[in-house]
Structures are given as C-alpha cells and as structure tokens.
Amino acid sequence: MGIPRSSSTSFTNVKWLGFVTAVWVQAISGNNYTFSNYSDALKTLMSLTQLQLNNLSVAKDVGKAFGILAGLASDRLPTPAILLIGSIEGFIGYGVQWLVVSRRIQPLSYWQMCIFLCLGGNSTTWMNTAVLVTCIRNFRRNRGPVSGILKGYVGLSTAIFTDLCTALFSSDAATFLFMLAVIPFAVCLTAVFFLREIPPDATAAEEKEESKYFTVFNAVAVIVAVYLLAYDFIPSPSEGFSLAFSVILLVLLAFPLAVPVYIFIKSWKLNRFNEKADIEGHQNIHEPLLGQETGEEIQRKSVLEEEARADVVVAGPPPAEKVSEMRRKPVIGEDHTILEAFCTLDFWILFASFLCGVGTGLAVMNNMGQIGLALGYVDVSIFVSLTSIWGFFGRIVSGSVSEYFIKKAGTPRPLWNGASQILMAVGYILMALALPGSLYIGSVVVGICYGVRLAVTVPTASELFGLKYYGLIYNILILNLPLGSFLFSGMLAGILYDAEATPTAGGGNTCAGAHCYRLVFIIMAVACVIGFGLDVLLAIRTKVVYNKIYTSRRSKKLASVSNGH
C-alpha cells in the first residue's frame, strides 16, 4: 500500500515548519561574530593588552574545536537533544560574561573568562550541526539554496543583534551580552518541537515545488538584509523610530511562517475536494488506489535509491558485485567515514583552502573594533554590521548561483571559493592602503567573500564525501575557525599590533594609525592568493564528480518530461 496523501502532506508541513525554525535558530546563532561589540569593554575592565584580548577571542573560537562532539552526537542523538545542549551551553557561557561586564560579579581571572568564552563559542556548533545536518538531509536535492539561506541568516544574526541593541539600548555592551544569553536559548526551545528529519521529496514535481518555496525564503531574507542595511545609514534615529524599526524587523523575521501556512491551506482545500469527489462516487475505487500506489511506489523507490547512494552521483555496484567490493575504498562522491576522508588528498586541499578564507576573515571580524579605532573611527558598530549584512549576500547568492551552474553546466563549486579568495585579497590590499573610505569597502568585500566561503564549502563537503557521516566531517572542517582565529587573529594580528602599540598608564596598550595593521593585511592577502590556487586545484580534481551530478539531474529531468507526455 502507498502512503496516504494526508500523511505525505503532514510530513511536508512539518518539514517546512522545521525549516522556518531552523532559519530562526541560524538568525540568532552568529553570536561568535559579535565579539567586536563588547571586546573593548572587556579590554578596559580587565586591563588587557591587544594580544591578551585577541587570545580571548581565540578561546571563543576554540569552542568550535569541540564541535567534533556535536558531529559525533548528530548520528546518535535526536535533533531536539542537540539543540538543547547548544542552547544551555550558550546561556551559561554568555550569561557569565554578562554578569562580569555588567559588574554584577567581580571580574573573573583570565583563564576563567577563557572557559566561559569557549562555552559560548561551542554552543553554536551544536545549533549549527542540528540545523544544517537535518535540513540538508530533508532537502538533499537543493543543498545549495538550503546552505545559502541558513548560512545567510547566520551572517545576518550579527547585524540583527547589533541593530536591535543599538535601537533599543544604545549599544550597551552588558545588555548586548544579555541578549546573546537569553534570545538563542528561547529560540532553540521553540525549534525543539518542530525541527526533525523528514523523508525527502523524490519526484521532479516536488523538487520544482521546493525550489519555488526557497525563492520565497530568499526574497524575505534579502528584504531583511536591505532593511538592516538602510537602518545602519540613518543618522541618530529617534527613540520612537528605533522602536518601530525593531517591531518591523521582528515581523519580517516571522514572515517565513507564511510558507508552511500556505502549504497547510493548500493541502486542506485539496483534501476537501477529494473527500467531496469520494462522496459523489464518480470514480472507480480500485483505479485511484492502484494509481496512487504506483505513484507512491515510484516515490519510495526514488527515496530508497537516493539514500542507498547518499544522493551521490557515483552509482553503487549491482548486488552481485557488492559482496566482492565491500572492502574497496570509496571514490570521491561516495560516502566516506572520517578516516577514509582523511586519507584523500581532496579533503586536505578543501581543509587548507577553507583555512585561508575563514581564518583571515575571522581575524578582521575579531579585530574590527581595534582596526576602526586605529583608523580614527569612534563608533565601529557600523563596520560590524556591514561585514555581517554583506556576508549574508555572499552566502545566499553563492548558494543559489553555485547550485544553478551545477544544474546547467556541471560547474564545480570550488571555483566559486577560488573567486572569493581573489576578491578577498583585493579587499585586504585596500585596507592596507588605508585610503579614505577603504575600511567601508574592505568591510563589504571581506563580508561577501567570507559568506561565499562558508555557504559553498558546506554543500561541497557533502557532495564529495557523502551525507552518511556529514555531521562529523562538517565539524572537522569547522576546526578551521579556531585554528584560523589562533593563527591569523591571536598570533599574527595580536603580535604585530603589540609591536606597533605604545603602553598606556593603567596597563594594556593602544595604537593609532594605518601602520597598526598594514603588515597584517598584506600577509593575509598572500594567504588568500594561496587559497585561490588550492581551490582551482580542487575544482580540477573534482570536475568529474560535478559532471556526473549534472548528467544525473539532466537525465532525471528528461525522464520526468518524457513521462509527462
């Protein structure tokens, strides 16, 4: 017997409702990128040098290194449990930082602050793992748009928190930390009830319907980004205007709920029509059942085939050959365990190129407060918001565009990473020159390229190494965040800044002028050029995989058109 239509529709409703809550989780899980908003308060309160402050930011990013635990748990624990762990960790980590900055407790020792920053940083790995692994498995035929939308909202989350705090609380660092502790905790508690794995759509018609809904999500996300960007350029908004801005922003964030509501109303009307037709008795009871069962069997067969090969293009051997080939190593495009992935050159090329992109990007984000102050800007919150908002555009556009070119021409995704690396190198050169307005341009360029890097690498890893162990492989790649933060922010930027800085009377140091970060930017530009070379190499090595993906999808589309006739 086939799955009843009402049951299938219910699955669809829950899946899209889960995706909406996933968007909300991502919209509040970019708290790791907000360090610049309260770093100066920590530096003053604890009388830190720039190197000590940068090492605090490294401790925050080291929390991501323990994301391996989230990756291991993703195959053993249900999605709600993973979300709960992340939300509790974040509540404790950022809650203690709020107690310190608001002076409700005495400042903790340096190593204790490192621990709580690490806890806050690790919390997002649980949230991101729960959301990305679940949604990519639920929408495996649209990995690019899913990754772009979810990672895009992570990019927007910094601007959402920053602008809300600026609008309602005048950029108070203590209040900002309170928001980071409480809001993600509340949102994750909501997502626990709706986000779970649902059988993926298998027919071409359902895949096309998915694409239409993703267009709606993309449009809403772009409106939110433009709205946030416009607010950043309004000089000294009044209290009433700021309150209205906050209310409208919350309405826009809630708007994606329109998609599951529309699906529910559409299915409700269809069910009523079918019930009415049954009552009138104008059809033979056997024919529709046979027809429905046949359709469901086709769908079930497609899903089983897709799961058997984890939606990769390299087809598995026929049953007679499987026994003899059980011990063979998987080729690129098939499911890899983490150890099998480690044994491939492609994994390490992807890992190293990812380090060059996200490591240098994180260095800018972690040091944006001090970069702005060194160049003479009193309020650096606009640069934090610009990096966040344009990072969103980089994520959401690259996810959809890379997916489009795979479907149309089999273009390897790593090529888009390579393009972003070159553009990022240009951005660093502009910031090194310190021309008038160069920090504005550099913030935009770095934001876009950092966003592209994150959004494109997520589906690339799943296409090259499969979905079966994707949660763990994703978190291994995310190790580049703490590693890159340590190398480029904690070591490179911290040491070179302190070499240029002068000591202050109360302890710590300060530096003013373009020379403070010039050498840092030049070295990071060179790293991006190296990353570009690695991405081009990976694109060449994996071209056969993307050609097979293109061929597979084209064959499916032609078969669907043929069956329609």
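- Labelled according to an unreviewed UniProt entry, the protein chain appears under the name Nodulin family protein, originating from Rhizophora mucronata.
- Under the UniProt heading Subcellular location (unreviewed entry), the note attached to the protein chain is "Membrane".

## A look at the overall build of the protein chain
Piece 1. Scanning the protein chain for helices and strands turns up 22 helices and two strands.
Piece 2. A burial count over the protein chain gives 54% of its 565 residues as buried.
Piece 3. Residue pairs at least 24 apart in sequence account for 84% of intrachain contacts in the protein chain once pairs closer than 6 positions are excluded.
Piece 4. Accessible surface for the protein chain amounts to roughly 23,600 Å². Of this, 69% is attributable to carbon and sulfur atoms.

## Here's the deal with the packing of aromatic side chains
Piece 1. What the rule picks out here adds up to 32 aromatic pairs.
Piece 2. Arranged with centres 5.4 Å apart and planes meeting at 70 degrees, the rings of Phe-19 and Phe-139 form a pair that is edge-to-face. With Phe-19 in helix α1 (residues 5-27) and Phe-139 in the loop between α6 (110-138) and α7 (143-169), the pair connects residues that are 120 residues apart, well separated along the chain. In this pair, the class of Phe-19 matches that of Phe-139, namely buried.

## Looking at a nonpolar patch on the surface
Piece 1. Together, Leu-84, Ile-88, Phe-91, Ile-92, Phe-178, Val-182 and Leu-189 make up a nonpolar patch on the protein surface, roughly 530 Å² of accessible area in all.
Piece 2. Those elements that place two or more of their residues in the nonpolar patch are α5 (79-101) and α8 (173-191).
Piece 3. The dominant element in the nonpolar patch, judged by the number of residues it contributes, is α5, at four residues.
Piece 4. Here Ile-92 is to be found in helix α5.

## Quick look at the packing of helix α18 (residues 438-465) against helix α19 (residues 470-477)
Piece 1. For the pair α18 and α19, interaxial distance at closest approach is 10 Å and the crossing angle is 130 degrees. Considering the angle they form, α18 stands oblique to α19. Crossing angle aside, the handedness with which α18 passes α19 is right-handed. Seen from α18, the contacting residues are Thr-457, Val-458, Ala-461, Ser-462 and Phe-465; seen from α19, they are Tyr-470, Ile-473, Tyr-474 and Leu-477.
Piece 2. Per-class residue counts for the contact of α18 with α19 are seven nonpolar, two polar and no charged.

## A short note on the state of the cysteines
Piece 1. Inspection of the entire model under this criterion finds one disulfide.
Piece 2. Put simply, Cys-511 and Cys-516 are joined by a disulfide, and their sulfur atoms are 2.0 Å apart. The chirality of the disulfide connecting Cys-511 with Cys-516 is left-handed, given an S-S dihedral of about -90 degrees.
Piece 3. Taking the relative accessible area as the measure of exposure, Cys-511 reaches 7% and is therefore buried.
Piece 4. Cysteine Cys-118 remains unbridged, with the sulfur of Cys-114 as its closest cysteine sulfur at 8.8 Å.
Piece 5. Cys-118 gets classed as buried once you look at its relative accessible area, which sits at 17%.

## Quick word on the pattern of salt bridges
Piece 1. Per the stated rule, a full pass over the model turns up seven salt bridges.
Piece 2. A salt bridge links Glu-209 to Lys-266; its shortest N-O distance comes to 3.0 Å. Of this pair, Glu-209 sits in helix α9 (residues 204-232) while Lys-266 is found in helix α11 (residues 258-280), placing the two residues 57 residues apart along the sequence.
Piece 3. Under the relative-accessibility criterion, Glu-209 is labelled partly exposed at 23%.

## Digging into helix α3 (residues 50-62)
Piece 1. A rise of 1.5 Å per residue sets the reference length of α3, with its 13 residues, at 18 Å; its end C-alpha atoms lie 18 Å apart and thus fit the reference within 8%.
Piece 2. Here α3 has its buried residues at Gln-50, Leu-53, Asn-54, Leu-56, Ser-57, Val-58, Ala-59, Lys-60 and Asp-61.
Piece 3. Each element contacted by the buried residues of α3 is listed here: α2 (36-46), α6, α15 (345-374), α20 (480-500) and β2 (509-510).

## Some remarks on the packing of α15 against helix α17 (residues 414-433)
Piece 1. At their nearest, the axes of α15 and α17 sit 11 Å apart, and the two run at 30 degrees to each other. Comparing the axis directions of α15 and α17 gives the class roughly parallel. For the crossing formed where α15 meets α17, the hand is left-handed. Only Gln-421, Met-424, Tyr-428 and Met-431 of α17 make contact with α15, whose side of the interface consists of Ser-353, Cys-356, Gly-357, Thr-360, Gly-361 and Val-364.
Piece 2. Its residues placed into classes, the contact of α15 with α17 shows five nonpolar, five polar and no charged.

## What to know about the environment of Ala-244
Piece 1. One can find Ala-244 in helix α10 (residues 239-254).
Piece 2. Distance in space between the C-alpha atoms of Ala-244 and Ala-167 is 9.4 Å, their sequence separation being 77 residues.

## Considerations on the confidence of the model for the protein chain
Piece 1. In this model, the protein chain carries an average pLDDT of 81, and 84% of its residues clear a pLDDT of 70 or more.
Piece 2. Highest mean pLDDT in the protein chain belongs to helix α21 (residues 518-541) (95); lowest belongs to helix α12 (residues 286-308) (46).
Piece 3. Considering only residues more than four positions removed or in separate chains, one finds that residues 1-6, a stretch of pLDDT under 50, has 14 contacts.
Piece 4. Low pLDDT, under 50, characterises residues 285-300; the stretch is placed with 13 contacts to residues that sit more than four places away or in other chains.

Calculation notes
- Residues numbered from 1 in each chain as written.
- Predicted model: local features only at pLDDT ≥ 70, side-chain atom pairs only at ≥ 80, totals over all residues.
- Heavy atoms only, no water.
- UniProt positions renumbered as here; feature names shortened; annotations may be inferred.
- Helix = DSSP H or I, 4+ residues; strand = E, 2+ residues; numbered from the N terminus.
- Buried < 20%, exposed > 50% of the residue type's maximum accessible area, 1.4 Å probe, protein only.
- Contact = heavy atoms within 4.5 Å.
- Areas by Shrake-Rupley, 256 points an atom, 1.4 Å probe, with all protein chains shown as cover.
- Phe/Tyr/Trp six-rings, centres within 6.5 Å; stacked < 30°, edge-to-face > 60°.
- Patch = residues over 30% accessible without salt bridge, like charges linked within 9 Å, V, L, I, M, F, W, Y side chains within 5 Å.
- Salt bridge = Lys/Arg side-chain N within 4 Å of Asp/Glu carboxyl O.
- Axes fitted to C-alpha atoms, helices over the stretch in contact; angles between N-to-C directions.
- Parallel < 35°, antiparallel > 145°, perpendicular 65-115°, else oblique.
- Left-handed = near helix turned anticlockwise from the far one by under 90°.
- Nonpolar A, V, L, I, M, F, W, Y, C, P; charged D, E, K, R; others polar.
- Disulfide = S-S within 2.5 Å.
- Expected span 1.5 Å × (residues − 1).
- pLDDT = per-residue confidence, 0-100.

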